[in-house]
Amino acid sequence: MESLLKKHFGYDKFRPLQLDIINHVLQKKDSLVLMPTGGGKSICFQIPAIQLEGITIVISPLISLMQDQVDSLKANGIKAEFINSTLSPIEIENIKERLSRNEIKLIYIAPERLAANDFKTFLLTLNISLIAIDEAHCISEWGHNFRKDYRSLKLFKTLFPQTPIIALTATATPKVREDILKQLALVNPKTFISSFDRENLNLVVTEKKKAFNKILSLIKKHEGEPIIIYCFSRKATMKLSQKLRENGFAALPYHAGLSSDLRKKNQDLFIKDKVNIIVATIAFGMGIDKPDVRLVIHETFSKSIEGYYQEIGRAGRDGLPSECVLLYSKGDIIKHQFFLKKIYDHSTQRAAWDKLNKMMAYCETTSCRRKAILEYLGESVSKQKCNGCDICDGSIGIIKTTLSGIIKPASQVKPISKSVHNKGLFEKLRALRLRIAREKNCPPYIVFGDVSLREMASVLPKNAEEFLKIKGVGQNKLNNYGESFLEVINNNKNNNNIVPIKRKIRNTRWTAEDDDKLRELFDQAISVNEISKILKRTPTAIRSRFKKCGLI
Ligand code: ADP
Ligand code: MG
Ligand code: ZN
């Protein structure tokens, strides 16, 4: 499995639980996966999809999410497509034909398709190995994003009683969890729950005074990096984004009141790194998997802690240090009050008040913020202190000084481009990535994530073999981009002044599995160079192992 992970996705190691989940799925059993945003849920169905002989159906609630995941899979050389309303009937027919010929491994489908009888009949003619329900909380009215269409997913167990189902979500509340299991009628499901701690997120709450100055100093600190600013109202997003533009920043608004064309356009500009700041209501973010958002600012506190955690979860999905700053004013309760008072049902209204109170208590707390959130979500935390909140690192005091006029190191998070080992080269690699992305009209992170570029700039790979060892470089990306990135790295004048960071040397012990793979590749008459890339060993090591195994 690890070699599949490297070959297709360019990663060396599974994250906690990923491998257990994959094995469970491959045993054709049902599962429910609860992991925080950015936890790495997709791999849990994408690797089985590659491994299983038939087709994997993936249900996803939003067109933009489907597009994003399919683009990423294709960039890794995996046969994936989607069927949704953006395609013409001819395009859909074409994909259906390819599905019938078993030429597609993953097919992403919008839930409403299932309502159509002829589509159900068509699905029944296919060889379906696995069904993945992404963002599974959409099936529950207790979730924060109920989608009526998700209710029709009940059908899957009836249509495909033998096919395993994997449901995935970042919403961990017990009510939602039970609802998902019940609604999907999962059979003997195993629930996998990973820790919801997002260690790379730095959590800060600061008083909402001189708010605009604070926002300015934060976005200057993260200059050019992707930033989301959440406002309470549509009007506030329009005002703030305009003010930021007047101050020379590339900021656009996003809210449900904009035409869908404009929403799409603004989102696209953000995803493709053409503007770096989106000022939005919480309507923004669910539809994107942009992995490199470095700063999320809340201009008003959220209506619940789970909502807040979901929103800040959109920062740093790639695991690199990112910052979340909430501007707190008790008075903002009035904004929430207006909506809470409209809730007709008494007990629902009480529950909403309770959540709001807990959110405010979080903002006012004097102990570790991370611990507070995780315990609210039902996770027990033994450590009293974390390494990434304003209270634990003592920066809450610094923020108070800000109030008296001295501007925002607000925290110890260094902007990502400033903290890389070799900034000059990193910027050159970023420019190359941007150029390629513009040519392909895709988001730059589809080409390579910041994690990969950072590693290239610090490890300085010299050839294809070394390039393949970089995180995020799989076989397909090596073939497509290896040459151009290596050229930039090798031509970088300052390389001599940089001491490359030595990577950990891989354990060179040969396992029985390695030997099996070696024989298999040998039998297929694959070149030593190719084999060396696949097994991540030098050609010399491969040749000597050939001898040991009696192959030559
Ligand atoms: P989720 O759906 O849980 O929010 P994703 O599946 O989108 O998360 O993954 C978040 C990021 O983590 C992606 O950039 C993905 O490529 C990366 N990732 C997933 N698994 C691994 C792994 N084993 N090693 C390194 N990066 C990983
Ligand atoms: Mg996901
Ligand atoms: Zn803390």
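To start, this report covers the structure provided alongside it. Since this is a predicted model, take the numbers as computed values, not measurements. (Residues numbered from 1 in each chain as written. Chains lettered and ligands numbered in written order. Predicted model: local features only at pLDDT ≥ 70, side-chain atom pairs only at ≥ 80, totals over all residues. Heavy atoms only, no water.)

**Focus: the overall build of the protein**
Line of reasoning, step 1. Helix and strand counts for the protein stand at 25 helices and 13 strands.
Line of reasoning, step 2. Scaling as 2.2 N^0.38, a compact globule of 552 residues should have a C-alpha radius of gyration of about 24 Å, and the protein matches this with 25 Å.
Line of reasoning, step 3. As displayed, the protein offers around 25,600 Å² of accessible surface, 52% of which is attributable to carbon and sulfur atoms.
Line of reasoning, step 4. Across the protein, the 89 positively charged side chains and the 59 negatively charged ones have centroids separated by 4 Å. (Helix = DSSP H or I, 4+ residues; strand = E, 2+ residues; numbered from the N terminus. Rg over C-alpha atoms; globule rule 2.2 N^0.38 Å. Areas by Shrake-Rupley, 256 points an atom, 1.4 Å probe, with all protein chains shown as cover. Lys, Arg positive; Asp, Glu negative; His and termini not counted. Charge placed at Lys NZ, Arg CZ, Asp CG, Glu CD.)

**So, helix H14 (residues 346-364)**
Line of reasoning, step 1. Its 19 residues give H14 an end-to-end C-alpha distance of 27 Å, which sits within 8% of 27 Å, the value for a rise of 1.5 Å per residue.
Line of reasoning, step 2. Taken together, the buried positions of H14 are Gln349, Ala352, Leu356, Met359, Met360, Tyr362 and Cys363. Relative to the axis of H14, the buried residues are bounded by an arc of 150 degrees and lie together on one face. Away from its buried face by more than 90 degrees, H14 exposes His346 and Arg350.
Line of reasoning, step 3. Elements that come into contact with the buried residues of H14 comprise strand E8 (201-207), helix H12 (305-312), strand E13 (322-328), helix H13 (333-340) and helix H15 (369-376). (Expected span 1.5 Å × (residues − 1). Buried < 20%, exposed > 50% of the residue type's maximum accessible area, 1.4 Å probe, protein only. Arc of directions from axis to C-beta. Contact = heavy atoms within 4.5 Å.)

**Here's the deal with the packing of aromatic side chains**
Line of reasoning, step 1. Counted according to the given criterion, the structure contains ten aromatic pairs.
Line of reasoning, step 2. Centroid distance Phe156 to Phe160: 6.4 Å. Interplanar angle 40 degrees. Geometry classified as tilted.
Line of reasoning, step 3. According to the relative accessible area criterion, Phe156 is buried, its value standing at 0%.
Line of reasoning, step 4. Overall, the relative accessible area of 8% leaves Phe160 in the buried class.
Line of reasoning, step 5. Through successive ring pairs, a cluster of aromatic residues spans Phe448, Phe467, Tyr481 and Phe485.
Line of reasoning, step 6. When the ring centre of Phe122 is taken as origin, the NZ or CZ atom of Lys96, which lies over that ring, is 5.0 Å away.
Line of reasoning, step 7. Taking the ring centre of Tyr362 as reference, the NZ or CZ of Arg369 above it sits at 5.6 Å. (Phe/Tyr/Trp six-rings, centres within 6.5 Å; stacked < 30°, edge-to-face > 60°. Lys NZ or Arg CZ within 6 Å of the ring centre and 35° of its normal.)

**Considering the nonpolar core**
As a rule of thumb, nonpolar side chains are buried together in soluble globular proteins.
Line of reasoning, step 1. Core analysis: the largest hydrophobic core is formed by 134 residues, its most contacted members being Ile133, Phe156, Ile166, Met456 and Phe485.
Line of reasoning, step 2. Excluding residues that lie within four positions of it along the chain, Phe156 makes contacts with Ile57, Ile59, Leu114, Ile131, Ile133, Pro161 and Ile165.
Line of reasoning, step 3. Core analysis: the next-biggest nonpolar cluster, separate from the first, contains 20 residues, Ile215, Leu216, Leu218 and Ile277 among them. (Core = buried A, V, L, I, M, F, W, Y, C linked by side-chain atoms within 4.5 Å.)

**Quick word on the coordination of the zinc ion (ligand 3)**
Line of reasoning, step 1. Protein coordination at the zinc ion (ligand 3) comes from Cys368 (SG), Cys386 (SG), Cys389 (SG) and Cys392 (SG), with a distance range of 2.3 to 2.4 Å.
Line of reasoning, step 2. Given four donor atoms and angles of 100 to 122 degrees at the metal, the environment of the zinc ion (ligand 3) is assigned as tetrahedral.
Line of reasoning, step 3. In the primary sequence, the donor residues of the zinc ion (ligand 3) line up as C-x17-C-x2-C-x2-C. Of the two residues, Cys368 is situated in the loop between H14 and H15 and Cys392 in the loop between H15 and helix H16 (396-403); the sequence distance between them amounts to 24 residues.
Line of reasoning, step 4. A residue is classified by how much of its surface remains accessible, and Cys368, at 5% relative accessible area, is buried. (Donors = N, O, S within 2.8 Å, 3.2 Å for Na, K, Ca; no water. Tetrahedral: all angles 85-135°; square planar, octahedral: opposite > 155°, others 65-115°.)

**Looking at the state of the cysteines**
Line of reasoning, step 1. With the rule as written, the count across this model stands at zero disulfides.
Line of reasoning, step 2. Cys389 provides the cysteine sulfur closest to Cys324, a residue in no disulfide bond, and the two sulfurs are 12 Å apart. (Disulfide = S-S within 2.5 Å.)

**Topic: the sheet that holds E8**
Line of reasoning, step 1. The six strands lie next to each other as E8-E13-E12-E9-E11-E10, forming an open sheet whose pairing is parallel. Bordering the open sheet on either side are E8 and strand E10 (251-254), each of which pairs with just one other strand. Sheet twist, expressed as the average angle between the axes of neighbouring strands with direction ignored, equals 15 degrees.
Line of reasoning, step 2. Taken together, the seven bridges between E8 and E13 define a ladder with parallel strand orientation. Among the inter-strand pairings, Thr206 is bridged to a residue of E13, identified as Leu327.
Line of reasoning, step 3. Those strands touched by helix H9 (residues 211-221) are E8, strand E9 (227-230), strand E11 (277-280), strand E12 (295-298) and E13, and its axis lies near 175 degrees from that of E13.
Line of reasoning, step 4. Across the face of the sheet, H12 comes into contact with E8, E9, E12 and E13 while running at roughly 145 degrees to E12. (Pairing = 2+ DSSP bridges. Axes fitted to C-alpha atoms, helices over the stretch in contact; angles between N-to-C directions.)

**Considering the pattern of salt bridges**
Two side chains that carry opposite charge are able to pair once their charged atoms sit near each other.
Line of reasoning, step 1. Taken as a whole and judged by the stated rule, the model has 31 salt bridges.
Line of reasoning, step 2. Two residues, Asp390 and Arg369, come together in a salt bridge whose shortest N-O distance is 2.7 Å. With Asp390 in the loop between H15 and H16 and Arg369 in helix H15, this pair connects stretches of sequence that are 21 residues apart.
Line of reasoning, step 3. One network of salt bridges, with partners in common, ties together Lys208, Glu299, Asp332 and Lys335. (Salt bridge = Lys/Arg side-chain N within 4 Å of Asp/Glu carboxyl O.)

**Remarks on the sheet that holds strand E5 (residues 128-133)**
Line of reasoning, step 1. Strands sit in the order E3-E4-E2-E5-E6-E1-E7 across an open sheet of seven strands; the sheet is parallel. Each of the sheet's edge strands pairs with one partner strand only, and the pair in question is strand E3 (80-83) and strand E7 (190-193). In this sheet, neighbouring strand axes are inclined to one another by 20 degrees on average, regardless of whether the strands run parallel or antiparallel.
Line of reasoning, step 2. Note that E5 and strand E6 (residues 165-169) share three bridges and pair parallel. Bridging from a neighbouring strand, Ala132 pairs with Ile166 of E6.

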